[in-house]
Amino acid sequence: MKAITRFAPSPTGYIHIGNVRSAIYPYLVANQSEGKMILRIEDTDRERYVEGATELIEDTLKWLGLEWDEGPIVGGENGPYFQSERLPIYHAWVKKLLESGRAYADPTPSEKIEEYRKECNEKKIPFLYRNFRPTEVVEWEPGIPVRFKAEPKNYEWHDAVMGGMKTGPEVLDDIILIKKDGYPTYNFAHIVDDAEMGVTHVMRGVEYLSSTPNYLALYEAFGLERPILVSLPHILAPTGNKKLGKRDGAKSVTEYRDDGILAEAMLNYLACLGWNDGTEQEIYTKDELIEKFSIERIQNSGARYDETKLLWMNGQWIRRIFDEQGAEALYVRTIGFWPEEAEEYSEEYRLRVLSIIYDRLKTLSDLREMTKYFFVDPEIDVEMITGNKFLKKMSEAEIEELLKKVVAELSKIEGWDEEAIQSVLNRLLEETGKKPAELFSLVRLAVSFAPFSPALNLTLGVLGREVSLARLNAVARSI
């Protein structure tokens with residue numbers, strides 16, 4: 001069948017990686033079956049509403065390439081797509097329950113409810129509001145909450161990830177459907193919205209599993225067919241012993257993007273965080289994920305978040321884009337990640353730098369430090385040379401003499417191309433009797449003073465004759 005899925009975030013702040021995975025899986029299921037994914041904004045919690053959060057959600061989905069088929073911006077036949085604009089719909093549905101006797105208006109003050117709760121705590125018994133249900137029937141009017149009238153019973157259901165589930169009557173309660181402010185609760189609104197929008201697969205975090213019996217009771221009270229229920233296990237902290245949170249170093253998706261993580265890598269990593277297709281494959285394009293994804297292979301235990309793996313995967317994607325799409329395709333992604341000094345240089349020069357450095361990048365933001373010496377003369381640090389593990393056995397006089405010989409030989413090159421530079425370097429190895437680690441380390445440090453750099457002939461080639469020789473001479477004079 002053509003799956004109709006939904007991603008229904010609340011605009012209460014930044015969108016973190018757990019939220020995003022809850023968008024990726026519905027997207028894959030919908031597109032695999034040529035169905036559709038609906039974006040629905042669950043903004044009924046007005047106290048926690050954050051201005052601009054909806055736009056951030058939309059921007060994040062667009063960046064990841066998770067296009068929605070219905071929802072804000074694109075529209076559709078099942079709108080409105082903001083729950084705050086659907087109040088008449090919820091009120092119409094709750095009236096059905098009021099008329100059938102499966103719901104009641106409840107004017108009980110919150111202070112009284114707290115007394116009931118305290119009474120249960122003192123008796124060390126579970127607090128169930130249905131045991132304190134008011135006997136007086138009142139008409140529903142604005143300002144009065146509406147509760148569902150539970151009929152405690154056993155429930156059994158199948159969860160596509162967790163398998164067969166069952167529960168007893170002790171978990172059923174008179175949950176609130178409409179709050180005092182007239183807005184619906186999540187427990188009620190998502191049932192109505194999913195039914196109105198024809199959602200076939202409800203995919204959400206495993207934390208909602210304990211509330212499922214109350215949802216089943218609502219499906220039953222409305223005479224609705226149950227959708228396919230898919231509980232997604234938590235993304236765990238690196239320690240593996242708790243749900244990932246801000247204190248564990250988790251950042252918003254926007255922060256990862258600003259740090260130079262590619263959309264392809266983030267999509268790839270999160271899709272595989274708790275899912276695999278049974279093979280050793282780790283790098284997937286979006287199209288491959290759509291083709292190979294299956295709900296059956298979502299693991300039923302939490303998946304440990306590993307930022308090191310994300311960085312590795314990002315490096316793989318940086319190389320893949322360069323190798324398959326070309327330097328220009330990757331260069332477009334690097335805008336905003338270069339050192340400030342790079343602005344004075346041409347795009348052609350930056351492309352040359354990118355072409356020899358790209359395979360060392362883990363994130364695009366690495367460009368700021370890894371390429372700075374291509375745009376500004378580094379500060380000379382003699383101790384960095386004399387303390388180098390390959391050079392510390394040489395005296396300063398020997399280092400100075402070796403640098404001068406390198407300058408003399410490199411100065412003879414006419415075309416200054418990478419092949420000619422490598423030829424001179426190889427000849428210097430024979431003439432000086434130095435090991436590659438000694439000679440090449442000295443020249444590399446003298447021109448870059450960086451912990452590492454691309455192949456020496458490539459680095460010198462991009463820096464050019466004038467800059468390369470000037471830096472080597474300056475270091476020789478400083479020794």
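For the structure itself, consult the block above.
Every chain's residues receive numbers from 1 upward, in the order its sequence appears when written. Where totals are concerned, whole chains, interfaces and linings use all residues; where local detail is concerned, this predicted model gives features only for residues with pLDDT of at least 70, and gives and counts side-chain atom pairs only at 80 or more. Each side-chain value is worked out from all heavy atoms of the structure, with water and hydrogens disregarded.

J.: How do you make sense of the environment of Arg352 when you look at a structure like this?
T.: Counting through the fold element by element, Arg352 comes out in helix H12 (residues 347-357). Under the scheme applied here, a residue whose accessible area is under 20% of the maximum for its type counts as buried, over 50% as exposed, and between as partly exposed, the area being computed with a 1.4 Å probe on protein chains only. For Arg352, a relative accessible area of 38% puts it in the partly exposed group. Sequence-wise, Arg352 and Trp275 are 77 residues apart; in three dimensions their C-alpha atoms are separated by 39 Å. Whether two residues touch is decided by their heavy atoms; if any such pair falls within 4.5 Å, the residues are in contact. Every residue in contact with Arg352, bar those within four places of it in the chain, is listed here: Gly461 and Val462. Polar contacts here mean pairs of N or O atoms no more than 3.5 Å apart (in protein, one a potential hydrogen donor and the other a potential acceptor; neighbouring residues in sequence count only if both atoms are side-chain atoms). Within the structure, Arg352 has its side chain in polar contact with the backbone oxygen of Gly461 (distance 3.1 Å). Put simply, DSSP H or I for four residues or longer makes a helix, DSSP E for two residues or longer makes a strand, and each gets a number counted from the N terminus.

J.: When you look at the side chain of Glu42 in this model, what are you seeing that I'm missing?
T.: Looking at the element boundaries, Glu42 is found in the loop between strand S2 (36-39) and helix H2 (53-64). Taking the relative accessible area as the measure of exposure, Glu42 reaches 7% and is therefore buried. A distance of 3.2 Å separates polar atoms of two side chains, one belonging to Glu42 and the other to Arg40. Beyond its immediate chain neighbours, meaning those up to four positions away, Glu42 contacts Ala8, Pro9, Ser10, Pro11, Gln83, Tyr186 and His190.

J.: Where do I start with the sheet that holds strand S7 (residues 176-178) in this structure?
T.: In any sheet, the strands associate via hydrogen bonds between backbone groups, in a parallel or an antiparallel arrangement. Read across the sheet, three strands follow the order S3-S4-S7 without closing on themselves; strand pairing throughout is antiparallel. Among the strands making up the open sheet, the edge pair consists of strand S3 (103-105) and S7. Pairwise comparison of adjacent strand axes, ignoring direction, gives a mean angle of 35 degrees for this sheet. The sheet contact formed by strand S4 (residues 146-148) and S7 spans two bridges and is antiparallel. Bridge pairing links Arg147 to Ile176 in S7. Together, S3, S4 and S7 form the strand contacts of helix H3 (residues 87-100), whose direction differs from that of S7 by roughly 130 degrees. A pair of strands counts as paired when DSSP detects no fewer than two bridges linking them. Every angle, taken between N-to-C directions, lies between 0 and 180 degrees, and every axis is a line fitted to C-alpha atoms, over only the stretch in contact when it is a helix.

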